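Results of the structural survey
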Amino acid sequence: MTRAGFDYQDVRAARERIAGAVRPVGVVPGGREGLWFALEQLQHTGSFKARGAQNFLRAHREAGTLPEAGVTIASGGNAGLACAWAAAQQGVPATVFLPVNAPEVKVARLRGYGAEVRTVGREYAEALAACQEYAAESGALASHAYDHPLIAAGAGTLLDEIRDGLPGVDTVVVAVGGGGLFAGVATAAAEHGIRTVAVEPENCRALNAAIGAGRVVDVDVDSVAADSLGARRVSAAALAVAVRGGEGVESVLVPEAAIVAARRALWEEHRLVVEHAAATALAAVRHGAYRAAEGERVCVVLCGANTDPAALAGDAVS
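Conventions adopted
- Residues numbered from 1 in each chain as written.
- Predicted model: local features only at pLDDT ≥ 70, side-chain atom pairs only at ≥ 80, totals over all residues.
- Heavy atoms only, no water.
- Buried < 20%, exposed > 50% of the residue type's maximum accessible area, 1.4 Å probe, protein only.
- Helix = DSSP H or I, 4+ residues; strand = E, 2+ residues; numbered from the N terminus.
- Pairing = 2+ DSSP bridges.
- Right-handed = clockwise from strand over helix to strand, strands pointing away.
- Contact = heavy atoms within 4.5 Å.
- Expected span 1.5 Å × (residues − 1).
- Axes fitted to C-alpha atoms, helices over the stretch in contact; angles between N-to-C directions.

**Some remarks on the pairing of strand E8 (residues 195-201)**
Burial of E8 is extensive: six of the seven residues sit out of reach of the surface. Strand direction decides the pairing type here: strand E7 (residues 171-175) and E8, joined by five bridges, are parallel. Looking at the pairing, alanine 175 lines up with valine 199 of E8. With helix H7 (residues 180-191) bridging E7 and the parallel E8, this β-α-β connection has right-handed handedness. Sheet topology note: the E8/strand E9 (residues 249-254) ladder contains six bridges and is parallel. Across the sheet, proline 201 pairs through a bridge with valine 254, a residue of E9.

What follows is the structure, encoded as C-alpha cells:
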C-alpha cells in the first residue's frame, strides 16, 4: 500500500474481480502516425466508471459489507450511472445525488437503471455533502465518484487492457476531474514504464493546481466539460500518484475551444460520439499542449459518451 492508498497489486486484484463484468477496451488507430484511441466510451453505462463501480460493490459483497439499504453516491452523472448499474446487478438499491445542472440524458438513464435520483445544488461538492448526510441517516454504503482506493484501482484496469491492445505503448493521455481515472491509470502505467499525461480544462484544473501548490487546493470550476471534470479539488491519492510519478507524469491544460474542436473532430473524422470530458484528452494532442516525440506511441483514452446527440450536432455546425 502506498501514500495513494492503493498500488499496482490492487489494480491486478481489481482486474480479476471484475473480469467478465466489464467490456475489454478496444484500441484503434487515431488517424495519424503514432496516435491511438482507447474506446472506453463503449464501456457499459457509457464510461470508464463501470470499472470502479464493479470493483467497489463486488469487493464489499465479498467482504459481507454490502448493506440491504444499498449504496449511495454523489456524481456529475457518469459515476452515478455506473454505481446504479452495478447496484442493480447486486440486487441492492442505489440513491444518486446530482447537481441540478446535470445533463438530462444522464438523469433519464439513471432512472432507467432503477436509481432514486436527488438533485442538490449547482456543483458536485453540494451534491456530495447531501449524499454524505443521507448515508449517515439511512445506513446506505457511501461510494465515491473518484476518491476511494477500490474505485481508482478499478479504473486502473484500463491501462493493462490498453497494453494488451497496443503492445509497446509509450504514453497514455487521460482527462482529469477528481483524479480517480488518472490515479489508477498512472499507478498501472508506472509499473510498466509508461508515461501518463493528465489533461484538464484551463478553468477546471484541480490536479494542476495541486501539483503547483504541493497540496490539495480548491479551484474554480467553469468549463464546457464541468459536468464530468468539475471537481473543486482533486483527490489526495491523485496528487500522491502525480508527485510519485515524477517525470513519468505530465500535467497539461487545454482551452475551451480546443475541447469543442476535438469533440467535433472525433465525430466528423471518425464518427465517434463522446462527451466533452473525453474530448479533453484528445484536445491536448490536437492543440499541442502535449507534443509527442518522433516514433512515440500515444494512446488517448476516450473515457465517456454520455452526451446529448443534439448538443453534438450543435458543436458540428458552430
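**A short note on the environment of alanine 86**
Inspection of the secondary structure puts alanine 86 in helix H3 (residues 78-90). Classification of alanine 86 as buried rests on a relative accessible area of 1%. As a C-alpha pair, alanine 86 and alanine 53 span 33 residues in sequence and 6.2 Å in three-dimensional space. When sequence neighbours within four positions are dropped, the list of residues in contact with alanine 86 reads Ala53, Gln54 and Leu57.

**Focus on helix H6 (residues 149-165)**
Between its terminal C-alpha atoms H6 stretches 25 Å, which fits the 24 Å expected from 17 residues at 1.5 Å a residue. Judged by how many residues are buried, H6 sits mostly within the fold: 12 of 17 residues are covered. Every buried residue belonging to H6 is among Ile151, Ala152, Ala153, Gly154, Ala155, Gly156, Thr157, Leu158, Leu159, Asp160, Glu161 and Ile162, and all of these are buried.

**Some remarks on the sheet that holds strand E2 (residues 35-38)**
What the six strands build is an open sheet, ordered E1-E2-E10-E7-E8-E9; its pairing is mixed. Taken across any chain shown, the strands that pair with only one partner, and hence form the sheet edges, are strand E1 (27-29) and E9. Neighbour-to-neighbour, the strand axes of this sheet turn through a mean angle of 25°, independent of strand direction. As judged from the three bridges shared by E1 and E2, these two strands associate in the antiparallel manner. Bridging across to E2, valine 27 finds its partner in alanine 38. Sitting on the sheet, H6 touches E1, E2, E7 and strand E10 (298-301), and the angle it makes with E10 is about 135°. This element, helix H12 (residues 276-287), spans E2, E7, E8, E9 and E10 of the sheet and lies at about 135° to E7.

Interpretation in functional terms is not warranted from these geometric data alone.
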